[in-house]
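# Coordinates in review
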Amino acid sequence: MTKARDAIVVGLGASGGIIAAELAKSGVKVTALEKGPHYSQDYFREKHDEIRYYTRGALVPHLSHNPITWRERDGETAKILPWATGPLGTTEPLHLPPSIGTGGGTLHWGGAVWRHRKADFHMRTSLIERFGEAALPEGNSIVDWPFGYDDLEAYYDRVEWELGVSGQAGNINGELMPGGNPFEMPRKRGYPMPPLRSAAANSRFVEACRRLGLNPFPQAAAIASQDYKNLKGCTYCGFCHGYPCHVNAKQTSHVTSVPDGLASGNMEIIPFARVVSVNHRGGRAKGVTYIDALGRAQELEADIVVLATYSLENTRLLLVSGLNGNGQVGKHFMTHCFGWSTGVVPEFSNTFMGPLVGAHVVDDYTSELIPDNEDGVLWGSPITSFPGDTQPIEASHNTPPGMRKWGADYKKWFADSYRRIFSMHTQTSSLPYEGGYCDLDPNVTDPYGQPALRMTHEWKPHDIQSMAFFRRVKQNIAREMGIKEFWEEPSPPPYHLSTHEVGTHRMGLDPKESVVDPYGHSHECENLYVVGGGQFPTLPSYNPTMTIQALAFMTADRIAERV
Ligand SMILES: Cc1cc2nc3c(=O)[nH]c(=O)nc-3n(C[C@H](O)[C@H](O)[C@H](O)COP(=O)(O)OP(=O)(O)OC[C@H]3O[C@@H](n4cnc5c(N)ncnc54)[C@H](O)[C@@H]3O)c2cc1C
Ligand code: SF4
């Protein structure tokens, strides 16, 4: 047994990287346990390899070692994620949990960042006020968050300024800013860096949206448009979403927070340390057990334990550790329902260049801004332009429906169209339901003999109605852009992990109805914190990570006060 330290942080991804570093900087002695390798800042210099990162998913957890199973509903036998196991091992490698290793999901994320809207914190109240309680879908478990936008504003600001975000402000202290999002919630100041430049086809999207009376603005990005703190300016290499960044332009915790934590002298990292349980007695966590790089079980003790292993693994660890006193762990599973649409623009537009988020977005139909509609869509989505960052193998997976993936016709289509591909995207909120949850699979174990996490989730009418609503909006934009060939991924999507899984250790003030409090502090174990998207009571249609990071700063402050 190793000697006790002040705090153990398990997982060094988006949230764990921030918490470990902030605690270390405030004088707390931290040991960080990370299941994957510890990457140095120059580790990914030669990352331009589509087979390695896209096809084989080199950074994402492999299902043989980290099995997750899925079934549509109760009573069925769950299978290891069917959409992620194929002839090449991983036909959809990115519909898996995020990367492992220092950086976690921020190693290969797209870097789209959003502050939630005020209404996103009060979805239940907002829906009832507008549509009446009867409009809420049967079996839903929608609740308001235990705090609002104004409580988180200062933490959003910290994410933007301490870690680095590029963007164009839309609303500073209530004053609308030209070129920004006119629907933005008030912020105290702008972004620390100007927006990224966008790939060529984006201008068609912007002009078409303006002609249609919509309000496009540059996507805020966790990518440096110029050198900033630990980040270097983006080189627009195009191997971005799904890849680590070779120049450290992407905000990744192995580049941003973790080096600052290590520099404090108060933080150590144990890589290849797979935590398998939280050890606890009498409502207190003693520490954790992990399997080390040589396959040996090790125990570690500390006054504070923080689980930051992504919503799904956090949930599995709570369940295998017997920490589910009120039966709420694993409930309220939510993920985004992605609506990818692709078209071919008239001119060559360098599809392969730039980051995914070097683009404009439209917020006119997001969240409570969704217009009254006959489809029954309750909560809207932003519409995002993706004019670049599409490598050839990825593009070859996304051809018009019915097209054979071999032969002369296919070669001709690819030669003519690949460099003119343009995509649009929506991601509607899957609402929390009683029947959507995670538990331990009774049949499937990992190589260490522990049960796999089992997801039970089906797409609901609201998901399908939302896709139909936004398909028409995107088709309209595509027509206005002069796109002739336009197609969509199937509805509902064949996968049930969007990479935005949340809700399974919900936060709340009532210990009977929730797993943690707003700081991620466990109701059941007085020195345990469980952080990340698992805390979200509802899932707004925005990408979740900036809110996960803001919550992480909030948790770090709270723990530092306590130690
Ligand atoms: C391809 C892709 C693109 C994405 N793009 C975006 C985007 O553009 N915008 C956005 O907002 N979000 C995006 N996301 C989502 C984003 O990555 C996650 O929301 C975010 O990383 C979650 O943060 P986290 O701290 O909860 O977990 P993670 O960042 O996943 O970190 C968890 C860490 O815990 C470690 N770990 C796991 N299990 C154990 C264990 N048992 N013991 C020890 N360590 C463990 C992992 O190795 C990892 O380092 C994307 C995700 C993917 C997969
Ligand atoms: S496009 Fe920019 S941020 Fe993305 S990997 Fe390349 S250099 Fe890095």
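First things first, this report covers the structure right here in the doc. It should be emphasised that the depicted structure is a prediction, and the values quoted were computed from it without experimental measurement.

## A short note on the environment of histidine 65
Along the chain, histidine 65 falls in the loop between α2 (50-55) and β3 (68-71). Residue classification places histidine 65 among the partly exposed residues on the basis of a relative accessible area of 37%. Sequence separation between histidine 65 and alanine 452 is 387 residues, and the spatial gap between their C-alpha atoms is 9.8 Å. Contact partners of histidine 65, with chain neighbours within four places excluded, come to Arg274, Asp446, Pro447 and Tyr448.

## Observations concerning the packing of helix α5 (residues 202-211) against helix α10 (residues 461-481)
Relative orientation of the contacting elements α5 and α10 amounts to 110°, with a least axis distance of 9 Å. When the interaxial angle is binned, α5 and α10 end up roughly perpendicular. For α5 against α10, the interelement crossing comes out right-handed. Only Ile477, Glu480 and Met481 of α10 make contact with α5, whose side of the interface consists of Arg204, Phe205, Ala208, Cys209 and Arg211. For the contact of α5 with α10, the per-class residue count stands at five nonpolar, no polar and three charged.

## What to know about the nonpolar core
Counting 91 residues, the largest nonpolar core has Ile19, Leu81, Leu152 and Leu528 as its most contacted members. Looking at this core element by element, the count peaks at nine residues for helix α11 (residues 545-562). Every residue in contact with leucine 528, bar those within four places of it in the chain, is listed here: Val278, Ala285, Val305, Leu307, Leu318, Leu323, Gly520, His521 and Ser522. In terms of nonpolar packing, the next biggest core, distinct from the first, is built from 19 residues, Cys209, Phe422, Phe469 and Met481 among them.

## Remarks on the pattern of salt bridges
One side chain can pair with another of opposite charge once the charged atoms of both are near each other. In the structure shown here, the tally under the stated rule is 35 salt bridges. Aspartate 557 is the partner of arginine 158 in a salt bridge, and the nearest nitrogen-oxygen pair spans 3.0 Å. With arginine 158 in helix α4 (residues 149-164) and aspartate 557 in helix α11, this residue pair connects regions lying 399 residues apart in the sequence. Judged by its relative accessible area of 26%, aspartate 557 is partly exposed.

## Details of the site of ligand 1
Taken together, 36 residues sit near ligand 1, with Ser15, Glu34, Ala112, Glu313 and Thr545 positioned nearest. In this structure, glutamate 313 approaches ligand 1 through a side-chain N or O atom, which is 2.9 Å from a nitrogen atom. Listing elements by their share of the shell around ligand 1, those giving two or more residues are α1 (14-25), β9 (274-281) and α11. Of the residues in the shell around ligand 1, the class split is 15 nonpolar, 17 polar and four charged.

## Notes on the site of ligand 2
Lining the immediate surroundings of ligand 2 are 14 residues, of which Lys47, Cys234, Cys237, Cys240 and Cys245 lie closest. Residue composition of the shell around ligand 2, by class: 10 nonpolar, three polar and one charged.

## Let's talk about α1
In an α-helix, one turn spans 3.6 residues; hence positions three or four apart end up facing the same way. The end-to-end C-alpha distance of α1, which contains 12 residues, comes to 17 Å, matching closely the 16 Å that a straight helix rising 1.5 Å per residue would cover. Looking at the residues trailing α1, positive phi occurs at glycine 27, about 100°.

## Quick notes on the side chain of threonine 31
Topologically, threonine 31 is positioned in strand β2 (residues 30-33). Judged by its relative accessible area of 1%, threonine 31 falls in the buried class. Within the structure, threonine 31 has its side chain in polar contact with the side chain of glutamate 268 (distance 2.7 Å). If sequence neighbours within four positions are ignored, threonine 31 has contacts with Arg5, Ala7, Ile8, Val9, Glu268, Ile270 and Leu300.

## Structural notes on helix α7 (residues 311-320)
In terms of burial, α7 is a largely internal element, nine of the 10 residues being buried. Looking at the buried positions of α7, the neighbouring elements they touch are β3, β9, β11 (297-307), β16 (437-445), β17 (451-456) and β19 (528-530). A positive backbone phi angle near 70° is found at glycine 322, which sits one or two residues after α7.

## Digging into the pairing of strand β10 (residues 284-291)
Extensive coverage of β10 is indicated by the burial of six of its eight residues. Bridging between β9 and β10 involves seven bridges; their strand directions are antiparallel. Following the sheet pairing, valine 278 is matched in β10 by valine 288. The hairpin turn running from β9 into β10, its antiparallel successor, is two residues long, and glycine 282 in that turn takes a positive phi close to 55°. Bridging between β10 and β11 involves five bridges; their strand directions are antiparallel. What sits directly across from isoleucine 291, in β11, is alanine 297. With antiparallel pairing between neighbouring strands as the criterion, β10 and β11 make up a hairpin whose turn holds five residues, including glycine 295 at a positive phi of roughly 80°.

## As for the side chain of serine 430
Among the secondary structure elements, serine 430 is positioned in the loop between β15 (421-429) and β16. Note on serine 430: relative accessible area 2%, which makes it buried. Of the polar contacts made by the side chain of serine 430, one reaches the backbone oxygen of threonine 335; its length is 2.8 Å. In this view, serine 430 contacts Met334, Thr335, His457, Trp459, Asp463 and Leu539; residues no more than four positions away in its chain are not counted.

## So, the sheet that holds strand β14 (residues 383-386)
One open sheet holds the six strands; their spatial order is β7-β13-β14-β15-β12-β18, and the pairing between them is antiparallel. Two strands bound the open sheet, and with one partner strand each, they are β7 (216-218) and β18 (486-488). On average, each strand axis in the sheet is inclined to that of its neighbour by 25°, with strand direction left out of account. Inspection of the sheet shows strand β12 (residues 336-344) paired to β18 by three bridges, in the antiparallel sense. Considered in β18, the bridge of threonine 342 is made with tryptophan 487. Across the sheet, α5 is in contact with β7, β13 (360-362), β14 and β15; its angle to β13 comes to roughly 30°.

About the thresholds
Residues numbered from 1 in each chain as written. Chains lettered and ligands numbered in written order. Predicted model: local features only at pLDDT ≥ 70, side-chain atom pairs only at ≥ 80, totals over all residues. Heavy atoms only, no water. Helix = DSSP H or I, 4+ residues; strand = E, 2+ residues; numbered from the N terminus. Buried < 20%, exposed > 50% of the residue type's maximum accessible area, 1.4 Å probe, protein only. Contact = heavy atoms within 4.5 Å. Axes fitted to C-alpha atoms, helices over the stretch in contact; angles between N-to-C directions. Parallel < 35°, antiparallel > 145°, perpendicular 65-115°, else oblique. Left-handed = near helix turned anticlockwise from the far one by under 90°. Nonpolar A, V, L, I, M, F, W, Y, C, P; charged D, E, K, R; others polar. Core = buried A, V, L, I, M, F, W, Y, C linked by side-chain atoms within 4.5 Å. Salt bridge = Lys/Arg side-chain N within 4 Å of Asp/Glu carboxyl O. Near = heavy atom within 4 Å. Polar contact = N/O pair within 3.5 Å; in protein donor to acceptor, adjacent residues only side chain to side chain. Expected span 1.5 Å × (residues − 1). Pairing = 2+ DSSP bridges.

So, to be careful, I would describe these as geometric facts and stop short of saying anything about function.
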